[in-house]
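Now for the letters of each chain:
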Amino acid sequence: MKANQREELLRTLKARFEKNMNRHKGLEWAKVQAKLEASTENLWSLNEMESTGGEPDVVGHDKKTGEYIFYDCSAESPKGRRSVCYDRKALESRKEHKPKNSAIDMAAAMGIELLTEEQYRELQKLGDFDTKTSSWIITSADIRKLGGALFVDYRYGNVFVYHNGAESYYAARGFRGSVRI
């Protein structure tokens, strides 16, 4: 990552941090920035989140590890990560009209993880996300073994968890990720 890209990303993250203080009460940007500047690999992951429309922001601080937790905080599922099936197995199972990628593969390539249902519910306490879109979430092995995968959205003031064939993909379904720094 070039120095000018890094500086631009840090400016963007700082502006988002300051604009959305409700997401990280009691945290100081200077401490977050110091962590970011010491972690070029994670800064690269945040840049990938940003460039695909995720609008990453700090949503917590793990006092045990000292890590800051970032989630995608875009109002809708990130635009650059939609129209993907759940994982590689699902992608390979499609005979025709294959999507370009899978959520699990994209997340791994970006150095992030899909949100769990619990993390997604935490995110919804910070605002209303996915009111028009949906997002794949980590799916348990027993559901995945049967060919399914889970996705979530926010409608009627509630988080809804649904299932679908893991090979399915839709223009309005993407995934949200997290990274710890």
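Here, every reference points to the structure presented above.
The following refers to the structure shown. Just so you know, the residues in each chain are numbered from 1, in the order the chain's sequence is written. Only residues with pLDDT of at least 70 get local features here, since the model is predicted, and only at 80 or more are side-chain atom pairs given and counted; chain-wide, interface and lining totals rely on the full set of residues. Note: side-chain values were computed over all heavy atoms of the structure, leaving out hydrogens and water.

### Focus on helix H5 (residues 103-110)
So, point 1. For each residue, the accessible area found with a 1.4 Å probe, counting protein chains only, is set against the maximum for its type, and the residue is called buried under 20%, exposed over 50%, and partly exposed in between. Here a strand is any run of E in DSSP of at least two residues, a helix any run of H or I of at least four, and the numbering for each starts at the N terminus. Three or more residues of H5 are buried, namely Ala103, Met106, Ala107 and Met110. Burial along H5 is one-sided: seen end-on, the buried residues are contained in an arc of 100 degrees. Within H5, the exposed residues directed more than 90 degrees away from the buried face are Ala108 and Ala109.
So, point 2. Residues count as neighbours in contact if any of their non-hydrogen atoms are within 4.5 Å of one another. Where H5 is buried, its residues touch helix H3 (40-51), strand E3 (113-114), strand E4 (134-136) and strand E7 (173-175).
So, point 3. Phi turns positive one or two residues past the end of H5, at glycine 111, with a value near 75 degrees. The arc in question is traced by the directions running from the helix axis to the C-beta atoms.

### Remarks on the packing of helix H1 (residues 3-19) against H3
So, point 1. Contact geometry for H1 and H3: axes closest at 11 Å, N-to-C directions at 70 degrees. Here H3 runs roughly perpendicular to H1, going by the angle between their axes. Of the two possible hands of crossing, H1 and H3 adopt the one that is left-handed. Here Gln5, Arg6, Leu9, Leu10, Thr12, Leu13 and Arg16 of H1 lie close against H3, whose contacting residues are Leu43, Leu46, Asn47 and Glu50.
So, point 2. Here the nonpolar group is Ala, Val, Leu, Ile, Met, Phe, Trp, Tyr, Cys and Pro; Asp, Glu, Lys and Arg are the charged ones; every other residue, Gly included, is treated as polar. Counted by class, the contact of H1 with H3 contains 5 nonpolar, 3 polar and 3 charged residues. In this analysis an axis means a line fitted to C-alpha atoms, helices contributing only their contacting stretch, and an angle means the value between N-to-C directions, from 0 to 180 degrees. Note that the term roughly parallel is reserved for angles under 35 degrees, roughly antiparallel for angles over 145, roughly perpendicular for angles of 65 to 115, and oblique for everything else. For any pair of crossing helices, the crossing counts as left-handed if the nearer helix is rotated counterclockwise from the farther one by less than a right angle, and right-handed if it is rotated clockwise.

### Some thoughts on the sheet that holds strand E2 (residues 68-72)
Across a sheet, paired strands are connected by hydrogen bonds in the backbone, their directions being either parallel or antiparallel.
So, point 1. On the basis of which strands lie adjacent, the open sheet formed by 4 strands has the order E1-E2-E8-E3 and antiparallel pairing. Because the sheet does not close on itself, it has two edges, and the strands there are strand E1 (56-61) and E3.
So, point 2. Pairing between strands is defined by DSSP: at least two bridges between the two strands are required. Judged from the 3 bridges that link them, E2 and strand E8 (residues 177-180) form a sheet pairing that is antiparallel. Residue pairing for E8: isoleucine 69 is matched across the bridge by arginine 180.
So, point 3. Docked against the sheet, helix H2 (residues 29-37) engages E1 and E2, running at close to 85 degrees with respect to E2.
So, point 4. Sheet strands touched by H3: E1, E2 and E8. Its angle to E8, the strand with the most contacts, is close to 160 degrees.

### Considering the pairing of E2
So, point 1. With respect to burial, E2 is a largely interior element, 5 of its 5 residues being buried.
So, point 2. Of the strand pairs in this sheet, E1 and E2 are connected by 5 bridges, and their pairing is antiparallel. Note that in E2 the partner of valine 58 across the bridge is phenylalanine 70.

### Some words on the side chain of asparagine 42
So, point 1. When you line up the elements, asparagine 42 lands in helix H3.
So, point 2. Excluding residues that lie within four positions of it along the chain, asparagine 42 makes contacts with Val179, Arg180 and Ile181.

### Describing the pattern of salt bridges
So, point 1. A carboxyl oxygen of Asp or Glu within 4 Å of a side-chain nitrogen of Lys or Arg is what we treat as a salt bridge. Applying the stated criterion across every chain yields a total of 13 salt bridges.
So, point 2. Between glutamate 28 and lysine 31 there is a salt bridge; the shortest N-O distance is 3.7 Å.
So, point 3. For the salt bridge of aspartate 153 with arginine 155, the shortest nitrogen-to-oxygen distance reads 3.5 Å.
So, point 4. The class for arginine 155 is partly exposed, based on a relative accessible area of 23%.
So, point 5. Three or more residues are tied together by salt bridges with common partners; here these are Asp62, Glu67 and Arg180.

All we've got here are geometric facts, nothing functional implied.
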